[in-house]
Amino acid sequence: MQPFTLLIKPSGSDCNIDCKYCFYKARAPEFGRGKQRMSDEVLEKLVKDYMRLGFPVSGFAWQGGEPTLMGVDFFRMAVQLQKKHGTPGQQVSNTLQTNGVLLDDKWCRFFHENKFLLGISIDGPKEFHDYYRVDHSGAGTFDKVMRGIQTCKEYKVEFSALVLLNNKNVEHPGQLFDFLIENDMTYLQFIPCVELDPATGEIVDFSITPQQYGEFLCRIFDRWYDYGLEKLNIRDFDSIVTFYVLGKHTICAYSKQCAGFLVVEHAGDAFCCEFFVEPKWRLGSILETPMEKLVAGSKKRAFARAKQNLSNKCLLCKYLDICRGGCMKDRVRWNDTSGSRESYFCESYKQFFDYTLPRFTQIAAAINAGSAARHTRSADRVRLHI
């Protein structure tokens with residue numbers, strides 16, 4: 001069995017802030033509403049069944065909603081269960097994606113001691129971040145998030161900055177870059193925002209256009225290239241470098257198949273992907289079916305293969321081997337349900353690759369020749385050794 005990572009939603013879609021562009025606001029009711037919490041029974045079943053598969057690294061990715069709503073004791077129990085059901089020498093990675101609002105001394109002490117890697121959402125300077133990322137009273141969350149980031153630094157908690165590109169901040173790549181560097185955020189992920197209005201089927205105003213995304217990527221690449229590749233890690237760029245050095249990508253959007261994750265919701269329901277939590281792609285429940293059977297089942301295999309259902313435009317594209325049609329969510333949601341149309345961001349990728357690939361290949365050649373170093377996070381620093 002090929003190793004896979006668990007993407008776990010212990011608090012479901014429940015969140016302590018009310019972002020105007022929230023992923024869940026445009027989703028169907030099966031995502032759930034209100035307070036959702038994973039039980040101790042589901043947690044132990046999840047950890048026990050996954051750890052016994054004996055992968056070289058057992059990867060737990062905790063997401064939401066907002067997973068810190070579970071409280072730190074829930075994650076203490078998760079780590080204890082990983083140790084209980086693991087074997088001596090087994091390696092575990094725990095990553096957690098958070099809005100950063102609740103991060104304090106207690107949380108950061110725990111994350112440091114147990115080698116959690118965090119992804120913290122921050123949309124740039126205050127005027128950008130607070131435009132969409134507000135609490136339930138409508139107040140901005142920037143100051144709380146920055147306090148949480150500072151606490152992470154004090155406790156030496158490893159984290160990446162997750163920047164959702166929307167119609168406000170995407171037009172200011174230089175200002176975003178300067179803000180992140182000035183605040184010592186050197187592991188970055190830029191996530192393009194595009195959503196449909198569920199009532200009208202039209203793309204909502206906070207989304208970005210393919211032209212905006214392509215231009216943003218080119219401008220950020222220039223800043224990254226000039227700043228120093230060894231000092232700054234940008235997730236998409238690192239994946240492209242890895243592709244040219246090792247022949248494979250590190251992110252699923254550019255992979256040939258969508259098979260690297262099993263999504264587990266708070267009640268134990270399992271799905272193929274966080275963007276396809278819908279009845280069609282429900283695999284079953286971990287309480288009823290062994291995890292390895294869920295992953296090896298016909299529905300999971302069909303989903304993995306669906307990414308290869310490419311449009312003729314993709315099949316004829318000179319960049320096919322690099323992007324593999326992009327993420328499936330950016331194909332089916334804007335065209336039809338077959339997944340065989342090109343990505344909403346197709347022209348973005350072409351513009352970006354046209355502009356950057358000569359330099360990417362030079363970087364890869366320098367790495368292969370030993371005259372350049374890749375700036376990647378040390379795996380041992382973010383793994384728990386049982």
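Residues numbered from 1 in each chain as written. Predicted model: local features only at pLDDT ≥ 70, side-chain atom pairs only at ≥ 80, totals over all residues. Heavy atoms only, no water.

K.L.:
I would appreciate a short explanation of the overall build of the protein chain in the present structure.
P.N.:
Each helix and strand in the protein chain was counted, giving 14 helices and eleven strands. Taken over C-alpha atoms, the radius of gyration comes to 20 Å for the protein chain, in line with the 21 Å a tight globule of 386 residues would show. Counting only C-alpha atoms, the protein chain reaches 50 × 50 × 45 Å along its principal axes. Considering the protein chain as a whole, with its 386 residues, one finds that 54% of them fall into the buried category. (Helix = DSSP H or I, 4+ residues; strand = E, 2+ residues; numbered from the N terminus. Rg over C-alpha atoms; globule rule 2.2 N^0.38 Å. Buried < 20%, exposed > 50% of the residue type's maximum accessible area, 1.4 Å probe, protein only.)

K.L.:
Could you clarify how one ought to interpret the packing of aromatic side chains in this entry?
P.N.:
Think of a pair of aromatic rings as described by two things: how far the centres are apart, and how the planes are tilted against each other in angle. Scanning the model with the defined rule gives 40 aromatic pairs in all. Between Phe352 and Phe360 the ring centres are 6.1 Å apart and the planes differ by 75°, which places this aromatic pair in the edge-to-face class. Judged by relative accessible area, Phe360 falls into the buried class, the value being 0%. Through a chain of ring-to-ring contacts, three or more aromatic side chains come together here, namely Phe4, Tyr50, Phe55, Phe60, Trp62, Phe74, Phe75, Trp107, Phe110, Phe111 and Phe116. Across the ring face of Tyr355, the terminal group of Arg219 is positioned such that the distance to the ring centre comes to 5.2 Å. (Phe/Tyr/Trp six-rings, centres within 6.5 Å; stacked < 30°, edge-to-face > 60°. Lys NZ or Arg CZ within 6 Å of the ring centre and 35° of its normal.)

K.L.:
Help me out: how do you make sense of the environment of Pro125 in this one?
P.N.:
Position of Pro125 among the secondary structure elements: in the loop between strand S4 (116–121) and helix H4 (126–132). Owing to a relative accessible area of 10%, Pro125 belongs among the buried residues under this scheme. Linking Pro125 and Gln175, residues 50 residues apart in sequence, is a C-alpha distance of 8.1 Å.

K.L.:
It is not clear to me how the pairing of S4 should be interpreted in this structure. Could you clarify?
P.N.:
Residues in a regular strand point their side chains to alternate faces of the sheet. Of all the six residues making up S4, six are buried; the element is thus mostly covered by neighbouring parts of the structure. Residues Phe116, Leu118 and Ile120 point to one face of S4 and Leu117, Gly119 and Ser121 to the other, with burial holding for every one of them. Of the strand pairs in this sheet, strand S3 (residues 91–98) and S4 are connected by five bridges, and their pairing is parallel. Along S4, the bridge assignment pairs Thr98 with Ile120. Where the polypeptide runs from S3 across helix H3 (residues 105–113) and back to S4, its parallel neighbour, the crossover connection is right-handed. Across four bridges, the pairing between S4 and strand S5 (residues 159–165) is parallel. (Pairing = 2+ DSSP bridges. Right-handed = clockwise from strand over helix to strand, strands pointing away.)

K.L.:
Teacher, can you tell me more about the side chain of Ser121 here?
P.N.:
Relative to the assigned elements, Ser121 resides in strand S4. In this structure Ser121 touches Thr98, Asn99, His129, Arg133, Val145 and Leu162, once residues within four positions along its chain are discounted. (Contact = heavy atoms within 4.5 Å.)

K.L.:
Would you take a moment to explain unusual backbone geometry for this structure?
P.N.:
Following Gly64, the chain continues into Gly65 via a peptide bond in cis, with omega recorded as 15°. With respect to the helices and strands, Gly65 occurs in the loop between strand S2 (57–62) and helix H2 (72–85). The backbone of Lys115 sits at a positive phi, close to 55°, despite the residue not being glycine. Note that Lys115 resides in the loop between H3 and S4. A residue is classified by how much of its surface remains accessible, and Lys115, at 33% relative accessible area, is partly exposed. Residues other than glycine seldom take positive phi values, yet Lys156 does so here, at roughly 60°. Relative to the helices and strands, Lys156 is located in the loop between helix H5 (142–154) and S5.

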